[in-house]
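Architecture at a glance
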Amino acid sequence: MKKRLSTLNEKVAPYILLAPFLFVLIVFFGYAFVRVLYFSFTDYDLFSSPKWVWFKNYINLFQEIQFGRALKNSITFAIIVTTCQTFIALVLAVVLNQQIKGIKFFRAAYYMPSVTSSVVITLIFMWIFQKRGLMNYLLTQVVKASRILLVFFLLAVIFHILLVMYEKIRKRPVSIFEPAFIVLSLLLSGIITFILIKVGIISTLENVKPVRMIWLNTRKTWPDIAGPLAFPIPLGAIMILNIWTTAPTFMLLYLAGLQDIPKELYEAAAVDGATKWHTFWYITVPQLKHITFLVVTMGLIGTLQMFDQVAVIGDQAPLDSTITLAYYIYKNVLPSSAIPKVGLASAAAIFLAGLTFIIVLIQKKFVNK
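As annotated in an unreviewed UniProt entry, the chain is ABC transporter permease from Anoxybacter fermentans. The record held by UniProt for the chain lists under Sequence similarities (unreviewed entry) the comment "Belongs to the binding-protein-dependent transport system permease family." Of the chain, the UniProt comment under Subcellular location (unreviewed entry) reads exactly: "Cell membrane".

Set out below in structure tokens:
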């Protein structure tokens, strides 16, 4: 009898532990999804009874110009932001995985944007992207110092090439991206550039007009050569903000993945004479394949559903330049001075869910190759 009770307890225990999660999943997601699916086939405005209209909402959806803009903005945003934040997160993780002094400080510093309120960061970015804001000020300073920067980087490249060639002539194994040589080249070029400035050979540009680029309140697109594939500049500003805040979170996932890679693989590669680039490309990247899949999946889902930053920016930018599918749904359910279009918004929500599912499936097949 006791044995049967013990077996029964073991079988029931997992379901009891999962009960809170299952309750939330069924009530707040499952039931909500079924209701949205039902409303997507009805004409409903929150005040009168729903009227069954079959696929009319889905047909009307693709006839709306604003939905087309929201779809284009969402896909552009998802592709660019997911690609950039994945690449930056991987690079940051590899850099912060090194055994250097103060590594804990740098890890905490880089992670700070992810624990800060999204609304607060968006408000700060709105100030930074003003016509006389910090971004335009920094761009003005870069233009003024362009001559000095050009000399600095040119000298750094020359010094680096000379150092690598010197080691090659001595028949020593050295990578073209040898970190020690990069640091030494930057240090030498910095010293010589400083001397050139002090003796008056090079200087900053004079009579440079301040950069007054309009980042938010504009309908201009960028880059012009991309034609119809160019994205609105305000959306680009939101991309920068989103990449800056989400890349540190994914960096932590990559850091955890790097800790699990067996050191024997790197030791064997070192014995075979593999360069650091070969080690990174043929060992680190394949070993982080499952982390990359998780990062890309979370990135695509998050970017396709991006809403809060567009909502906070609000009237600071033209709606057509920043609207996404999630914000399009919100605007149709809760319009400021019009009758709600719950049926149309529900159809858009179902479309967004299907689009997210299909894109994740495609990238799963791509990553698993």
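Description of empty space enclosed by the protein
Counting across every chain of the model gives one cavity of 30 Å³ or more. The volume enclosed by the largest cavity comes to roughly 60 Å³. Taken together, T122, F125, M126, F129, L216, A237, I238, L241 and I313 form the lining of the largest cavity. At the level of secondary structure, the elements contributing two or more residues to the lining of the largest cavity comprise α5 (118-128) and α9 (233-259). Here the lining of the largest cavity is composed, by residue class, of eight nonpolar, one polar and no charged.

Comments concerning the packing of helix α7 (residues 146-169) against helix α8 (residues 179-198)
Any two packed helices are characterised by the angle at which their axes cross and by the distance between the axes. In contact at an axis separation of 8 Å, α7 and α8 are set at 135° when each is read in the N-to-C sense. For the element pair α7 / α8, the angle class is oblique. Handedness of the crossing formed by α7 with α8: right-handed. Across the interface between the two elements, I148, V151, F152, L155, A156, F159, H160, L163, V164 and E167 of α7 pack against F181, I182, L184, S185, L186, L188, S189, G190, I192, T193, L196 and I197 of α8. Broken down by class, the residue content of the contact of α7 with α8 amounts to 16 nonpolar, five polar and one charged.

Rules used throughout
Each chain carries its own residue numbering, running from 1 in the direction its sequence is written. Totals for whole chains, interfaces and linings use all residues, but because this is a predicted model, local features are given only for residues with pLDDT of at least 70 and pairs of side-chain atoms are given and counted only at 80 or more. To get the side-chain values, all heavy atoms of the structure are used, and hydrogens and water are removed first. UniProt positions are given in the numbering used here, feature names are shortened, and annotations may be inferred rather than shown by experiment. Points on a 1 Å grid over protein atoms alone make up a cavity when a 1.4 Å probe fits among them but cannot get out, and a pocket when they form an open set with protein on both sides within 12 Å along at least five of seven lines; lining residues each have an atom within 4 Å of a point. Grid points are joined across faces, edges and corners, and a volume is the space filled by probe spheres set on the points. Numbering goes from the N terminus for both helices and strands, where a helix is a DSSP run of H or I of at least four residues and a strand is a run of E of at least two. Classes in brief: Ala, Val, Leu, Ile, Met, Phe, Trp, Tyr, Cys and Pro nonpolar; Asp, Glu, Lys and Arg charged; the others, Gly included, polar. Geometry is summarised by axes, namely lines fitted to C-alpha atoms with helices restricted to the contacting stretch, and by angles between N-to-C directions that run from 0 to 180 degrees. An angle counts as roughly parallel when it lies under 35 degrees, as roughly antiparallel when it exceeds 145, as roughly perpendicular when it falls between 65 and 115, and as oblique in every other case. For any pair of crossing helices, the crossing counts as left-handed if the nearer helix is rotated counterclockwise from the farther one by less than a right angle, and right-handed if it is rotated clockwise. By definition, residues are in contact when any of their heavy atoms lie within 4.5 Å.

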